[in-house]
Amino acid sequence: MVRINRQGKFQQVLGLDASRQLGLVPVWYIELPATELSGMLAKLKESLPAEPFDLAHIRRIVKLETSEDKGILLRLLVCSQGLVPESTVQELVGSHKLHSARVSKYQADTKEESAQWSQESGWPISWRGNPAAVLPVLSPETQKQMEEWVERIAKSDRVRALVVNPITNELLADECEQKTTHPLNHAVMRAIQAVAERERQAKRGNPESENYLCLDMDVYTTDEPCTMCSMALVHSRIGRLIYIRQSTVSGAIDPRSQLSYGLHGRPQLNHTFQVWQYHLEG
Amino acid sequence: MDFMALAVEQAKQALADNEVPVGAVFVHNNKVIGRGRNDTNRSLNGTRHAEFMGIDEILQSHPPEILKETTLYVTVEPCIMCASALRQLEIKVVYFGAANDRFGGCGSVLSANKDPGPFRPYPAYPGFYREEAIMLLRNFYVQENPKAPVPKVKKQRVLKDNIAELDYTKYVTKDEFVRIYGQDKLDLFKSI
Ligand SMILES: [Zn+2]
Ligand SMILES: [Zn+2]
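Residues numbered from 1 in each chain as written. Chains lettered and ligands numbered in written order. Predicted model: local features only at pLDDT ≥ 70, side-chain atom pairs only at ≥ 80, totals over all residues. Heavy atoms only, no water.

Chain B appears in an unreviewed UniProt entry as tRNA(adenine(34)) deaminase from Wickerhamiella sorbophila. What UniProt records for chain B under Sequence similarities (unreviewed entry) is the sentence "Belongs to the cytidine and deoxycytidylate deaminase family. ADAT2 subfamily." The annotation that UniProt attaches to chain B under Catalytic activity (unreviewed entry) is "adenosine(34) in tRNA + H2O + H(+) = inosine(34) in tRNA + NH4(+)". (UniProt positions renumbered as here; feature names shortened; annotations may be inferred.)

The name recorded for chain A in an unreviewed UniProt entry is tRNA-specific adenosine deaminase subunit TAD3, from Wickerhamiella sorbophila. As its UniProt record puts it under Sequence similarities (unreviewed entry), chain A is described as follows: "Belongs to the cytidine and deoxycytidylate deaminase family. ADAT3 subfamily."

Engineer: Which residues make up the nonpolar core, and what values do they have?
Structural biologist: By size, the foremost hydrophobic cluster in this structure holds 87 residues, and its most contacted members are Met228 and Leu241 of chain A together with Phe26, Met81 and Val94 of chain B. Among the elements that take part in this core, helix H5 (residues 187-205) of chain A stands out by supplying 7 residues, more than any other. If sequence neighbours within four positions are ignored, leucine 241 of chain A has contacts with Val219, Thr221, Pro225, Leu233, Ile253, Phe273, Gln274, Val275 and Trp276 of chain A. In this structure, Trp28, Met40, Leu44 and Leu74 of chain A belong to the second largest nonpolar core, which totals 17 residues. (Core = buried A, V, L, I, M, F, W, Y, C linked by side-chain atoms within 4.5 Å. Buried < 20%, exposed > 50% of the residue type's maximum accessible area, 1.4 Å probe, protein only. Helix = DSSP H or I, 4+ residues; strand = E, 2+ residues; numbered from the N terminus. Contact = heavy atoms within 4.5 Å.)

Engineer: Please set out the coordination of the zinc ion (ligand 2) residue by residue, giving values where relevant.
Structural biologist: All names here are of chain B. All of the protein donors around the zinc ion (ligand 2) are His49 (ND1), Cys79 (SG) and Cys82 (SG); their distances to the metal are 2.0 to 2.3 Å. Taken in sequence order, the residues that donate to the zinc ion (ligand 2) follow the motif H-x29-C-x2-C. On the criterion of sequence distance, the pair formed by histidine 49 in the loop between helix H2 (40-43) and helix H3 (50-61) and cysteine 79 in the loop between strand S3 (70-76) and helix H4 (80-88) is long-range, its members being 30 residues apart. Both residues of the pair, histidine 49 and cysteine 79, count as buried. (Donors = N, O, S within 2.8 Å, 3.2 Å for Na, K, Ca; no water.)

Engineer: Explain the coordination of the zinc ion (ligand 1) to me, using residue names and the numbers behind them.
Structural biologist: All names here are of chain A. Protein ligation of the zinc ion (ligand 1) involves His186 (ND1), Cys226 (SG) and Cys229 (SG), the donor distances falling in the range 2.1 to 2.3 Å. Counting residues between consecutive donors of the zinc ion (ligand 1) along the chain gives the motif H-x39-C-x2-C. In this pair, histidine 186 is assigned in the loop between strand S8 (170-176) and H5 and cysteine 229 in helix H6 (residues 227-235), connecting sequence segments 43 residues apart. The same class applies to histidine 186 as to cysteine 229, namely buried.

Engineer: So what about empty space enclosed by the protein? Which residues, and what values?
Structural biologist: Tallying each qualifying case throughout the model produces 1 cavity of 30 Å³ or more. Around the largest cavity, the lining residues are Ile192, Val195, Ala196, Glu199, Asn211, Leu213 and Cys214 of chain A together with Leu44, Asn45 and Gly46 of chain B. Of the residues that constitute the lining of the largest cavity, the class distribution is 6 nonpolar, 3 polar and 1 charged. (1 Å grid on protein atoms, 1.4 Å probe; cavity = no way out; pocket = protein on both sides within 12 Å on 5 of 7 lines; lining within 4 Å. Points joined across faces, edges and corners; volume = space filled by probe spheres on them. Nonpolar A, V, L, I, M, F, W, Y, C, P; charged D, E, K, R; others polar.)

Engineer: Outline the pattern of salt bridges, listing residues and values.
Structural biologist: Side chains that carry opposite charge are capable of pairing whenever their charged atoms lie near each other. Residues and elements named next belong to chain B. Evaluation of the coordinates by the stated rule reveals 21 salt bridges over all chains. Between arginine 35 and glutamate 57 there is a salt bridge whose closest N-O contact spans 2.9 Å. One end of the pair, arginine 35, is in strand S2 (residues 31-37); the other, glutamate 57, is in helix H3, and 22 residues separate them in sequence. Arginine 35 sits in the partly exposed class, given a relative accessible area of 37%. (Salt bridge = Lys/Arg side-chain N within 4 Å of Asp/Glu carboxyl O.)

Engineer: Can you explain the sheet that holds strand S4 (residues 93-98) of chain B? Please cite residues and give values.
Structural biologist: Residues and elements named next belong to chain B. Taken in spatial order, the 5 strands line up as S2-S1-S3-S4-S5 in an open sheet, and their pairing is mixed. Of all the strands in the sheet, the pair left with one neighbour each is S2 and strand S5 (124-125). Looking at chain direction, S3 and S4 are connected through 5 bridges and run parallel. Across the sheet, threonine 71 pairs through a bridge with valine 93, a residue of S4. Here H3 sits on the sheet and contacts strand S1 (23-28), S2 and S3; the angle it forms with S2, its principal contact strand, is near 135°. (Pairing = 2+ DSSP bridges. Axes fitted to C-alpha atoms, helices over the stretch in contact; angles between N-to-C directions.)

Engineer: Quick rundown of the confidence of the model for chain B? Include the residues and the values.
Structural biologist: All names here are of chain B. Per-residue confidence for chain B averages 91 on the pLDDT scale, and 90% of its residues sit at or above 70. This model gives residues 150-156 a pLDDT under 50, and the stretch forms 4 contacts once residues within four places in sequence are excluded. Overall fold confidence (pTM) sits at 0.78, and the ipTM for the predicted complex is 0.91. (pLDDT = per-residue confidence, 0-100.)

Engineer: Help me get a handle on the sheet that holds strand S5 (residues 71-80) of chain A, residues and values and all.
Structural biologist: All names here are of chain A. Pairing is antiparallel in the open sheet, where 4 strands are placed in the order S4-S5-S3-S6. Unpaired on one side and paired on the other, strand S4 (61-67) and strand S6 (99-104) mark the two borders of the sheet. Pairs of neighbouring strands in the sheet enclose a mean axial angle of 35°, with direction left out of account. With 6 bridges joining them, strand S3 (residues 24-33) and S6 adopt antiparallel strand pairing. Residue pairing across strands places proline 26 opposite arginine 102, the latter belonging to S6.

Engineer: How would you summarise the UniProt feature "domain: CMP/dCMP-type deaminase" (unreviewed entry) in chain A if you had to cite specific residues and measurements?
Structural biologist: The residues that UniProt annotates with the feature "domain: CMP/dCMP-type deaminase" (unreviewed entry) are residues 140-276 of chain A. Summarising residues 140-276 of chain A: 31% helix, 20% strand, and an end-to-end C-alpha distance of 15 Å.

Engineer: Residue-level account of unusual backbone geometry, with values.
Structural biologist: With the exception of glycine, the majority of residues adopt a negative phi angle, and the majority of peptide bonds are in the trans configuration. Even without glycine at this site, leucine 213 of chain A takes up a positive phi of about 50°. Note that leucine 213 of chain A resides in the loop between H5 and strand S9 (218-223). Taking the relative accessible area as the measure of exposure, leucine 213 of chain A reaches 21% and is therefore partly exposed. Of note, asparagine 30 of chain B is a non-glycine position whose phi angle comes to about 65°, a positive value. Within the fold, asparagine 30 of chain B resides in the loop between S1 and S2.

Spelled out as structure tokens, the structure:
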């Protein structure tokens, strides 16, 4: 399902999964009586490392049947296969037999898709809505404010980046690339550095100052950022990126750029942000 | 792999400074030309990773071209940002300890070191001083990170000393594996 979100001169750059299909992750599960559940859960939590995939959308426990002699029987998802060696998993679950199943890698966009993927994978997804699937809207005021910042850099003959606080509309950094002195001094890296420098100074004056990296800030750039800069924006936890030109060869945001990394929209990377491309010609 | 021991020393210093314990050493003609350790908490800059600290040291006294003949030893797989930075500098080869399941750019999440794209690709070999690297990270993560925005409720975290096997197939080809680790270790080269 391909979606398009155009708001005035801004078009949202969606992530890789805007047209994703059902993906499957192999997992281990066991069947056990409900009475043993809490003990087993505590044991697993204690012993297993974190999952490499975000499986929060998967139902961990599935009720199987209730019989008079055995009581309630449950199916419990233990972990993804490959997280730890099979022998370790077997050791953890003791005498229970390990079964193999596959679960959906992604949260679905809609209730219908959720039901469909649950059926196709053979393991239920728990559907509590998916806020990420609701396309964001830019109010006319927000668009006007964003356009003013875009116009500030639109005529720059060098790659340039701004960091702006979208709540106060305050400019926090305005930097151009300086690759002659240091090949990694791209505009985005320098802008992040400038915000950090500013915050270190603020802390000197007021140790209570508590800004965290570039959390929720807007970043404006002339060009779609490269892999290094895009990941730097993930590490810096920005809220929104707005750029003018797509970088078809080195860009790491737009899934249609050659690398097709879509780094702004990979939940596995702990942080995602919104991206808009500005179309000068409306 | 004595250079990796130096990288581990850098990581230990990072841990002592309350930084995520990752350390890096850059070696040119058998000589250390740059060192780095994670510095994100002190600098308030989420991009000050060990690799960048080392590169900055090198560029103070060398032209960028020296990186083309330089080997990096780093305790944890370079993240996607660093993997791309190293490729833009055309680093010769990277040896690392632990995989970086969350952000790794040399095979774990992406292969920014060798995916088709601009700049010369480079090989990145995992598994050197891996246990030391992992135990340092676990030491760090049993402490809370008070700077994270919405602190998640963490239950009493205990150091887990069982270490899962490394899936070498994510990082190297079979030929590379034999060349770097030896034919006798081939039973380790399997998809997990
Ligand atoms: Zn860049
Ligand atoms: Zn890094």
